[in-house]
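Results of the structural survey
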Amino acid sequence: QKCLSLIKKTKFLNAYITVSEEVAFQQAEESEKRYKKGQSLGDLDGIPIAVKDNFSTSGIETTCASNMLKGYVPPYNATVVQKLLDQGALLMGKTNLDEFAMGSGSTDGVFGPVKNPWTYSKQYREKRKQKLPGEKEDSDWLITGGSSGGSAAAVSAFTCFAALGSDTGGSTRNPAAHCGLVGFKPSYGLVSRHGLIPLVNSMDVPGVLTRCVDDTAIVLDVLAGHDPKDSTTVRDPVKPFMLPSLTDVSKLCLGIPKEYLVPELSSEVRSLWSKAADLFESEGAKVIEVSLPHTSYSIVCYHVLCTSEVASNMARFDGLEYGHRCDIDVSTEAMYAATRREGFNDVVRGRILSGNFFLLKENYENYFLKAQKVRRLIANDFVNVFNSGVNVLLTPTTLSEAVPYSEFIKEDNRTRSAQDDIFTQAVNMAGLPAVSIPVALSNQGLPIGLQFIGRAFCDQQLLTIAKWFE
Ligand code: GLN
């Protein structure tokens, strides 16, 4: 009840697209009955959880924040949603995002931008003379980051205890950093993508947003595992994920990738990054500078691969099977074209066009195949570093703290993604686990996060180290 009343009170954040109040209440009642009867309880029994609106939910509208899917009600649950429900979680609702998860601000969905709850924190308001919602001149606010900004705002505003995000190039970690949360991207193949409406199938993973690392481990424990409906999930994940408490980091070797020290990095993030490294060193860990030499190709390589997969993925939205269909009926082709023009925003249409260009017969080899080879080099950079004895990498998550909306929208979506995903994207191309942890507040009173990156399928080790640091 408290969470639902907070959802109502914080409606101005625009964190939720759909609030599933009745479903949550019914689940809560069932949970209470189980408890009263002394029946065994699930790992998440009675725990309010929100789900990004690009995961299919049976009987609940799933829009991807797009006109194209408005009114689409899936007949099945994504595997991860089903697993949460099987363990007794209460589904509070579906959270806002950039259309089809393409973005890094949660500003580009058809339901409007998500506002960062930290905009209204006392310290920030005093510094920036920020008005409260409803007061005059509340014309600007801080972005949440994205594309899982709705999920981040939902957890950060205490409307739920955990939320599912998705992470293709940083979409879980980036909003976690901007909203003062833990944002976890599991190893590719550890958690099922079945029912997650795809952006880039070869990079997408369901992500988890929580307020502390232990909570992430509890949720991950529920989500991880082989799924016959997703052939890319591995058969024998390390289970369970409950985290041992690490008291001694002296046997750890931490890598600091020198390529991540970019000129655009804010001085505050930079200094927190080096302080964090110093802390590990002072506790006896070995901290060394390492090189990931192909880092600078990552953004451009991601662009080619992402748009190519997008072009192919978006082909299914033709006005026949799902959601939106335009009124034009002069020909099938005209119907397809008008439906897609009306259904997709310009970011999605732009990516479809770019992707189809890269996939043209005359371009395929020069762009798509080349990008796949570069992707392998980027992935190998990480393998080489880990094989040299490094246990985890420590990097920033974002270039700076959250910025005001007015500033963010000055650049177009593509430029923004290129800048905002600089520390997160390569991880998706390599399929590695990574977690963003809130470390401190900036001078303006806003959260700053740092990222740990681990070896593939060493998710538990990664979270254990993150917990020590937390
Ligand atoms: N910002 C990146 C993009 O727009 C990543 C998005 C994501 O991780 N879903 O493609």
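In the annotation of an unreviewed UniProt entry, the entry for the protein chain reads Glutamyl-tRNA(Gln) amidotransferase subunit A, mitochondrial, and the organism field reads Galeopterus variegatus. UniProt lists a comment for the protein chain under the heading Catalytic activity (unreviewed entry), and it reads "L-glutamyl-tRNA(Gln) + L-glutamine + ATP + H2O = L-glutaminyl-tRNA(Gln) + L-glutamate + ADP + phosphate + H(+)". Under the UniProt heading Sequence similarities (unreviewed entry), the note attached to the protein chain is "Belongs to the amidase family. GatA subfamily."

Turning to helix α8 (residues 267–282), a few remarks are in order. With 16 residues, α8 extends 22 Å from end C-alpha to end C-alpha; this agrees with the ideal 22 Å at 1.5 Å per step. Looking only at α8, the buried set comprises Val269, Trp273, Ala276 and Phe280. Burial along α8 is one-sided: seen end-on, the buried residues are contained in an arc of 60°. Seen from the open side of α8, the exposed residues pointing more than 90 degrees away from its buried face are Ser267, Ser271, Lys275, Asp278 and Ser282. Tucked into the core, α8 has its buried residues touching β7 (253–257), β8 (286–290), β9 (392–396), β10 (434–441) and β11 (447–454). In the stretch just after α8, glycine 284 is the one whose phi turns positive, near 100°.

We now examine the UniProt feature "domain: Amidase" (unreviewed entry) in the protein chain. Per the UniProt annotation, the sites labelled "domain: Amidase" (unreviewed entry) are residues 1–121 and 143–463. For residues 1–121, the end-to-end C-alpha separation is 23 Å, with 26% helix and 12% strand making up the annotated structure.

The next thing to look at is the nonpolar core. One finds Ile49, Cys160, Ala163 and Phe452 to be the most contacted residues of the largest nonpolar core, which totals 126 residues. Counting residues per element, this core draws most heavily on helix α7 (residues 213–223), which supplies seven residues. Discounting chain neighbours no more than four positions away, the residues touching phenylalanine 452 are Val392, Leu393, Leu394, Ala434, Val435, Leu462, Ile465 and Ala466.

In this fold, asparagine 363 is placed in the loop between α11 (346–359) and α12 (365–387). With 16 C-beta atoms packed within 10 Å, asparagine 363 lands in the partly exposed category. In contact with asparagine 363, other than residues within four places in its own chain, are Phe357 and Phe358.

For the rest of this paragraph, the subject is the pairing of β9. Counting buried positions over the five residues of β9 gives five, a clear majority of the element. The sheet contact formed by β7 and β9 spans two bridges and is parallel. Residue pairing across strands places glycine 255 opposite leucine 393, the latter belonging to β9. Here β9 pairs with β11 via five bridges, running antiparallel. Within the sheet, the bridge partner assigned to valine 392 lies in β11 and is glycine 454.

The next subject is unusual backbone geometry. Of note, the bond from glycine 146 into serine 147 is cis; its omega dihedral lies within 30 degrees of zero at 15°. Locating serine 147 in the fold gives a position in the loop between α4 (122–128) and α5 (149–156). Of note, the phi angle at alanine 65 is positive, near 50°, even though the residue is not glycine. Within the secondary structure, alanine 65 is located in the loop between β2 (48–52) and α3 (79–86). With 31 C-beta atoms packed within 10 Å, alanine 65 lands in the buried category.

Further remarks concern the packing of helix α9 (residues 298–313) against α11. Packing of α9 against α11 brings their axes to within 7 Å, and their N-to-C directions diverge by 100°. On the basis of their axis angle, the class for α9 and α11 is roughly perpendicular. When α9 is examined against α11, the residues Val304, Thr307, Ser308, Val310 and Ala311 are found in contact with a partner set consisting of Arg351, Ile352, Ser354, Gly355, Asn356, Phe358 and Leu359. For the contact of α9 with α11, the per-class residue count stands at six nonpolar, five polar and one charged.

Conventions used here
- Residues numbered from 1 in each chain as written.
- Predicted model: local features only at pLDDT ≥ 70, side-chain atom pairs only at ≥ 80, totals over all residues.
- UniProt positions renumbered as here; feature names shortened; annotations may be inferred.
- Helix = DSSP H or I, 4+ residues; strand = E, 2+ residues; numbered from the N terminus.
- Expected span 1.5 Å × (residues − 1).
- Buried ≥ 20, exposed ≤ 12 C-beta atoms within 10 Å, placed from the backbone.
- Arc of directions from axis to C-beta.
- Contact = placed C-beta atoms within 7 Å.
- Core = buried A, V, L, I, M, F, W, Y, C linked by C-beta atoms within 7 Å.
- Pairing = 2+ DSSP bridges.
- Axes fitted to C-alpha atoms, helices over the stretch in contact; angles between N-to-C directions.
- Parallel < 35°, antiparallel > 145°, perpendicular 65-115°, else oblique.
- Nonpolar A, V, L, I, M, F, W, Y, C, P; charged D, E, K, R; others polar.

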